[in-house]
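Reading the structure
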Amino acid sequence: MRARFEKMLREAQISITDAIAKIDGKATFQEDCWTREGGGGGMSRVLRDGAVWEKAGVNLSVVYGSMPQEALQAATERGVDRAKGMAPGERVPFFACGLSCVMHPRNPFCPTMHFNYRYFETDGGVWWFGGGTDITPSYLDEEDMKHFHGTYKEVCDRHDPEFYPKFKAWADKYYTITHRNETRGLGGIFYDDLNDRDPELLFEFAKDAVNSVVPAYGPIIEKHKDDPFTEQQKQWQQMRRGRYVEFNLVYDRGTVFGLKTGGRIESILMSLPETARWEYDHHPEDGSPEAEIMDAFKHPREWV
């Protein structure tokens, strides 16, 4: 499973970055190979200063070695004890393979998109899959959300009709910025610690999901990449990026895991936008498009 999952993600990294570079039309992805001192390494592909995207990164990591139990806990669903039976302070031998991505477009009407698909093993024989794809618009277009969520509902339904409602609700919960009482974006699917069935079935689900990133996201970007926008709308996008930064640095499981295991800092923080904005006690005007999407951030909706 280790080798097959890695191969599948390597192929997905190439196909996704090729498709995104084609949509951008200006910039290309630069490759950066790296090694991890404790074992393993990866390949980062990063696009900067494009016509459509200010920054887009797709990072493959294949790491192994040992980690402290608190790092393992940070990488799993809260309440799941993957180090059960180990002595206090004993390090956990592990293998982890994942493909993570964040894309930050220039146009405020083009949403940011994130995905991460991963496979974990410990030498004690414990294994699980995690992942998901989610979308973070600054302005609400309900047809876009129906397309994005509809694409992932179709993916989920091909594997288990219970997946979409479960993983959509999980995403709404996971991507909550608790100290703001709002979500980072408008969700998608999210799952973790998945090992309740044949690993072959979960492998095929992850493969289907990661290969649906471009069909779910690309048409939305094509639709809005040339939309006119004002400086005020750009500032609102920057404020929403500030919320993105808050979530990623305070709550994101992958960020915490990477920092606790001595991961490569450039890869860990690749998800952050190049620029963001914070305004003191800012509240959007009642009845404005900004207030409309704030309502969706505070009250998650069903899109399909």
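The structure contained in this document is the topic of the report that follows. All figures in this text were calculated on a predicted structure; none of them were measured in a lab. (Residues numbered from 1 in each chain as written. Predicted model: local features only at pLDDT ≥ 70, side-chain atom pairs only at ≥ 80, totals over all residues. Heavy atoms only, no water.)

Attention now moves to the overall build of the chain. What the chain contains, in helices and strands, is ten helices and nine strands. Its C-alpha atoms give the chain a radius of gyration of 19 Å, within 12% of the compact-globule value 19 Å for 304 residues. By principal-axis analysis of the C-alpha atoms, the chain measures approximately 55 × 40 × 35 Å. Each of the 304 residues in the chain was classed as buried or not, and the buried ones make up 56%. Within the chain, residue pairs in contact and separated by at least 24 positions form 71% of the contacts whose partners lie at least 6 positions apart. (Helix = DSSP H or I, 4+ residues; strand = E, 2+ residues; numbered from the N terminus. Rg over C-alpha atoms; globule rule 2.2 N^0.38 Å. Buried < 20%, exposed > 50% of the residue type's maximum accessible area, 1.4 Å probe, protein only. Contact = heavy atoms within 4.5 Å.)

For the structure shown, the criterion picks out 24 aromatic pairs. A ring pair is formed by W53 and Y217, whose centres lie 6.3 Å apart and whose planes are at 45 degrees; its orientation type is tilted. Within this pair, whereas W53 is found in strand β3 (residues 53-67), its partner Y217 is found in helix α6 (residues 213-224), the two being separated by 164 residues in sequence. With relative accessibility at 0%, the residue W53 sits in the buried group. Look at Y217 and you get buried, because its relative accessible area is 1%. (Phe/Tyr/Trp six-rings, centres within 6.5 Å; stacked < 30°, edge-to-face > 60°.)

For the structure shown, the criterion picks out 31 salt bridges. For the salt bridge of E182 with R243, the shortest nitrogen-to-oxygen distance reads 2.8 Å. Of this pair, E182 sits in strand β8 (residues 182-183) while R243 sits in helix α7 (residues 231-250), and the two are 61 residues apart along the sequence. Residue classification places R243 among the buried residues on the basis of a relative accessible area of 16%. (Salt bridge = Lys/Arg side-chain N within 4 Å of Asp/Glu carboxyl O.)

What follows covers the pairing of strand β4 (residues 92-105). In summary, the side chains of a regular strand alternate between the two faces of the sheet. Of all 14 residues that make up β4, 13 are buried, and the element is covered over most of its length. In terms of strand pairing, β3 meets β4 through 14 bridges, oriented antiparallel. Note that in β4 the partner of W53 across the bridge is P105. For β4 and strand β5 (residues 112-122), the ladder comprises ten bridges, and the chain directions are antiparallel. The partner of G98 across the bridge, within β5, is R118. Linkage of β4 to β5, two consecutive antiparallel strands, is achieved through a turn of six residues. (Pairing = 2+ DSSP bridges.)

So, on to the sheet that holds strand β1 (residues 30-35). What the seven strands build is an open sheet, ordered β1-β2-β3-β4-β5-β6-β9; its pairing is antiparallel. Single-partner strands in this sheet number two, and they are β1 and β9 (188-194). The mean inter-strand angle of the sheet, taken between neighbouring strand axes irrespective of direction, is 10 degrees. Docked against the sheet, α7 engages β3, β4, β5 and β6 (127-136), running at close to 170 degrees with respect to β4. (Axes fitted to C-alpha atoms, helices over the stretch in contact; angles between N-to-C directions.)

Right, let's talk about the side chain of S212 for a bit. Residue position: S212 is located in the loop between α5 (199-210) and α6. The residues contacting S212, other than those within four sequence positions of it, are T151, Y152, V155 and R158.

Before going further, it helps to examine the packing of helix α1 (residues 2-24) against α6. Helix-helix packing: each pair is described by the crossing angle between the helix axes and the interaxial distance. Interhelical geometry of α1 versus α6 gives an angle of 10 degrees and a closest axis separation of 11 Å. On the basis of their axis angle, the class for α1 and α6 is roughly parallel. Contacts between α1 and α6 involve I16, A19 and I23 from the first element and V213, V214, G218, I221 and E222 from the second. Tallied by class, residues from the contact of α1 with α6 come to six nonpolar, one polar and one charged. (Parallel < 35°, antiparallel > 145°, perpendicular 65-115°, else oblique. Nonpolar A, V, L, I, M, F, W, Y, C, P; charged D, E, K, R; others polar.)

Everything listed here is a matter of geometry and, on its own, says nothing about what the molecule does.
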